Protein chains: 2
Amino acid sequence: MKEVTIAGAGLTGTLLSILLAKQGYSVRLYERNKDPRTSFVKGGKSINLTLCKRGISALEMAGLGEAVQELWVPVYGRCLHLNESSLELQPYGNYGEALYSISRQDLNSLLLSAAQKTSGVSVEFGLKCMGYDLEKSSVLFIDENQNQIESPFATLIAADGVHSAIRYQMQRNHGFDYSQFYSKHVNKELSIPAELAKQYKLEKNHLHIWPRNEFMIIAFPNRDGSYTCTLQLPFEGNDISFKNLNTESELLHHFQKLFPDAIPLLPNLVEEFFKNPEIPMVTVRCSPWHIQDKVLLIGDAAHGIWPSYGQGANAGFEDCEVLCECMAKTPDDFLVSFAEFQERRIQNLNAIADLSENHFNEIRHHVADSKFLLRKKIERKMNQLFPSEYFSLYARVAFTKTPYKQAVDMESFYHGLIDELLKIPEIVLSPDSSESEKLIYKTYQKHLNKENYNIDKYLH
Amino acid sequence: MKEVTIAGAGLTGTLLSILLAKQGYSVRLYERNKDPRTSFVKGGKSINLTLCKRGISALEMAGLGEAVQELWVPVYGRCLHLNESSLELQPYGNYGEALYSISRQDLNSLLLSAAQKTSGVSVEFGLKCMGYDLEKSSVLFIDENQNQIESPFATLIAADGVHSAIRYQMQRNHGFDYSQFYSKHVNKELSIPAELAKQYKLEKNHLHIWPRNEFMIIAFPNRDGSYTCTLQLPFEGNDISFKNLNTESELLHHFQKLFPDAIPLLPNLVEEFFKNPEIPMVTVRCSPWHIQDKVLLIGDAAHGIWPSYGQGANAGFEDCEVLCECMAKTPDDFLVSFAEFQERRIQNLNAIADLSENHFNEIRHHVADSKFLLRKKIERKMNQLFPSEYFSLYARVAFTKTPYKQAVDMESFYHGLIDELLKIPEIVLSPDSSESEKLIYKTYQKHLNKENYNIDKYLH
């Protein structure tokens, strides 16, 4: 039986262990942390997680489609808190499309329990991966007592996250292209207790967003009625930033100005702000993702993306699905499987990395902008009229399995179409009138002809 | 007396030690290798070096302006070997402008001897820098017996090259943006003995170039009449590449096709090709270059650039000159000096990094192209007519001290002007006729008015 060693029992590594064991591999899974199901996990470090179709599809492959439903909260749209008195509800789609808010730790625990029940998977905790020795085919760990441990591997898959020790080592190889790019903003975890969410009647099953240009709060619903929030603000600079907020009174002074309507929901603001760590956002791109048929990067180790599009974990899960397809195709030649995996994934991950950086700026600055809202309205109308054909870029990423790169390529066509529609006053004034619908059909047809658009070229 | 520790006694680190000691600092300089003046240095790894005005200016600051002249060979232009029978001489300028070909080891030895003669500089060899401990303000070394040595520092300057251990450590810091990008080509050192250069009458005081699109040989003159060559070819791929050239007969077969005219000059081709290592080319960009007032990156450690523009060492020397200016301005506040140094240098280094990548492709593909040659001719004419005003981009980089970014910005104006001139048949046919000169003056004036060009905005 072929052996695979996976470094990192986070979301991607653990799901991959299950899927590979189901394909008949013997999988050894190593994790630096203690078992999160039995030991205390320090909080305050999560940026909450939403699952979408891509991620759920891979969980279903692992037989976890039902179990995961017990853990999540469906989220059908955004609720924008534009100011103290004005709310704006933005449904994600016309047909009840939802994202699924879930705690990272709950999901990880589910996966770990499933992995340990899967025949062929062994899991060891408390072993921090330090790198590999290619000549000896061994992977290097440090245990909790700082002992060095060397373990042989046949094939090593690095799922050890955005600061992957294995990737840092690969970076020294000639020909390894690499970049890391940090946002100028950092995140801080805050929380809204269930009773306050109820008292202030926060719209259920929505992400709540307080957009204030350079500053933003996003609240993700938990199953107990509470919300876990991410506060985003600049790390440093002359204006308000983490580095300049050093006292309780400075913090409250600026919060009063920026988020007066959120303060009543955040009773532990001061404590949480000064206790919880700053969480940076980093885009990581690299190439190649593998060393021959011996070592492969996957998930955040291969591609860090900012969490703004909610695709980090979903992209990692989709990696697992694609890798399993590639390994099933050429089970006796991992070199071919790994090369195909990279070929299929790398341009898609570069596309979602770009999108995540752009969306981060869009959502902070434009989400409350009237032109942006108008565009969203026309996009929803288009999707009503062409439900199997037209999706906004956001919807195509979040609610379909269209490869990211393809979604971006299609958008260059559709963005121009929406531009055309936005120039027609009838459509802008009453998009639902039969006159407007006729105009939409006509404009769409004209745009198709003009652009000589052929959907086939976007299908792979 | 303020202490500065410099990691790396290559060209940049050693020059910097002299300049800082002259400013009154006590400098401790550490080098991983043995003293190159007294121990055997393995050859075959150099890409030869040409000094230009930027680099020479910094050497003059160190009092080495005369000594270095004893070591170099002036190079007044390129000699293109287009095929067996056709040579093309391209002078670098109208006024005897030259690059100065010099052996890296000779230059390094000169600098080391000068450093050791400079009061306030101490040099230690055989100590490989492994990183730093910021809390303890100590720098970590390994000596030749693998003993770990910790040495305290007040201020640490990392001149430890493109694979800087200090930078690799800084890379783990949040907010440290970083990228490394490799060429698909690698270099291999070959050599032309003096007697063959003489026998085949290689034009003296020229770089000799055999451009063959994906393949190229560049020969740099040495003082003894021999030439050190760089062979560039793709590292891997379906066509001819290092990875596919595994036997003597494969090598000779392809060399006969590509470089029949170079073969007689390269009597040790086979031995050198298979013995000498592949030298990759990598662009490294990062930011920030310093940690507070404690640690600073300089030279290749801060900015790796491909050697194609011949600016690597020159940029490192220019760094030294600028850093000394910044440190002289605010000697009591290194945080301000380092921030100003980065501010003045980073966009210039990004500009020369781009130029070096682009020039690498240009020189391989276009150097023998008739349109390219025509443009060069018109550029030379422009420089004749406006000798203090107009320089081609190459000349501005190689023969002036115009900051790199400014040179690139100015080129966007001048490139358009040359485009205009190339459209005028009289000028193309006989640029030296008085009619053509009048047309050039007129076109220049028109272009100035059209672009509303103001030289002042390019002066800093």
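Keep in mind that what you see is a predicted model, and the values were worked out from it rather than measured.

Right, let's talk about the relation of the copies chain A and chain B for a bit. Mapping chain A onto chain B calls for a screw motion: a turn of 180 degrees about the axis and a shift of 0.1 Å along it, with 0.0 Å RMSD after fitting. Look at the turn and shift together and you get a two-fold axis relating the two. Of the C-alpha atoms belonging to chain A, the one lying closest to the rotation axis is found on A:Ser179, 2.0 Å away. Mapped onto chain B, 100% of the interface residues of chain A are again interface residues, and the two copies thus contact each other with one and the same surface.

Here we take up the packing of helix H9 (residues 312-329) of chain A against helix H10 (residues 334-366) of chain A. Pairs of packed helices are described in terms of their axes, by the angle between the two and the distance that separates them. Residues and elements named next belong to chain A. Contact pair H9 / H10: the axes reach a minimum separation of 8 Å and the direction vectors enclose 145 degrees. Our pair here, H9 against H10, has a crossing hand that is right-handed. On H10, the residues that touch Ala-315, Glu-318, Asp-319, Val-322, Leu-323, Glu-325, Cys-326, Met-327 and Lys-329 of H9 are Phe-334, Ser-337, Phe-338, Glu-340, Phe-341, Arg-344, Arg-345 and Leu-349. Taken together, the residues of the contact of H9 with H10 break down into nine nonpolar, one polar and seven charged.

Further remarks concern the pattern of salt bridges. Following the criterion strictly, the structure yields 40 salt bridges over all chains and no others. Measuring nitrogen to oxygen at the nearest pair gives 2.9 Å for the salt bridge that ties A:Glu321 to A:Lys401. Placement of the pair is A:Glu321 in helix H9 and A:Lys401 in the loop between helix H12 (393-399) and helix H13 (404-422), with a sequence separation of 80 residues. Ionic pairing is found between B:Asp432 and B:Lys381, a salt bridge with its closest N-O pair at 2.8 Å. Taken together, the residues B:Asp432 in the loop between helix H14 (425-429) and helix H15 (434-451) and B:Lys381 in helix H11 (residues 370-385) connect sequence positions 51 residues apart. Sharing partners across several salt bridges, the network here consists of A:Arg54, A:Glu318, A:Asp319 and A:Arg345.

All names here are of chain A. Domain boundaries assigned for chain A yield domain 1 (3-58 + 104-180 + 282-360) and domain 2 (370-458). Taking only C-alpha atoms into account, the centre of domain 1 sits 36 Å from that of domain 2. Counting residues at the interface gives 17 residues for domain 1, matched by 14 residues for domain 2. Between domain 1 and domain 2, a total of about 1300 Å² is buried, with carbon and sulfur atoms accounting for 61% of that surface. For the pair domain 1 and domain 2, the number of links is one salt bridge. One can count nine residue pairs in polar contact (both at pLDDT 80 or more) joining domain 1 with domain 2. At the level of secondary structure, the elements contributing two or more residues to the side of domain 1 that touches domain 2 comprise helix H2 (53-61), H9 and H10. Along the lines of polarity and charge, the residues of the side of domain 1 that touches domain 2 split into six nonpolar, six polar and five charged.

A word on the packing of helix H11 (residues 370-385) of chain A against H13(A). Residues and elements named next belong to chain A. Two elements in contact, H11 and H13, have axes whose closest approach is 10 Å; the angle formed by their N-to-C orientations is 110 degrees. Between H11 and H13, the interaxial angle falls into the category roughly perpendicular. Here Leu-374, Arg-375, Ile-378, Glu-379 and Met-382 of H11 come into contact with H13, specifically with His-415, Leu-417, Ile-418, Asp-419, Leu-421 and Leu-422. Class assignment of the residues belonging to the contact of H11 with H13 gives a composition of seven nonpolar, one polar and three charged.

Here the focus is the nonpolar core. In terms of nonpolar packing, the biggest core is built from 200 residues, with A:Leu20, A:Leu107, A:Ile166, B:Leu20, B:Leu107 and B:Ile166 touching the most fellow members. Aside from chain neighbours lying at most four places away, what touches B:Ile166 is B:Ala7, B:Cys129, B:Tyr132, B:Leu156, B:Ala158, B:Asp160, B:Val295 and B:Leu297. Counting 26 residues, the second largest nonpolar core, distinct from the first, contains A:Ile192, A:Ala219, A:Ile240 and A:Leu265.

About the criteria used
Residues numbered from 1 in each chain as written. Chains lettered and ligands numbered in written order. Predicted model: local features only at pLDDT ≥ 70, side-chain atom pairs only at ≥ 80, totals over all residues. Heavy atoms only, no water. Least-squares fit on C-alpha atoms with pLDDT ≥ 70 in both. Contact = heavy atoms within 4.5 Å. Axes fitted to C-alpha atoms, helices over the stretch in contact; angles between N-to-C directions. Helix = DSSP H or I, 4+ residues; strand = E, 2+ residues; numbered from the N terminus. Left-handed = near helix turned anticlockwise from the far one by under 90°. Nonpolar A, V, L, I, M, F, W, Y, C, P; charged D, E, K, R; others polar. Salt bridge = Lys/Arg side-chain N within 4 Å of Asp/Glu carboxyl O. Domains from an automatic or database assignment. Buried area = accessible area lost by both parts, 1.4 Å probe. Polar contact = N/O pair within 3.5 Å; in protein donor to acceptor, adjacent residues only side chain to side chain. Parallel < 35°, antiparallel > 145°, perpendicular 65-115°, else oblique. Core = buried A, V, L, I, M, F, W, Y, C linked by side-chain atoms within 4.5 Å. Buried < 20%, exposed > 50% of the residue type's maximum accessible area, 1.4 Å probe, protein only.

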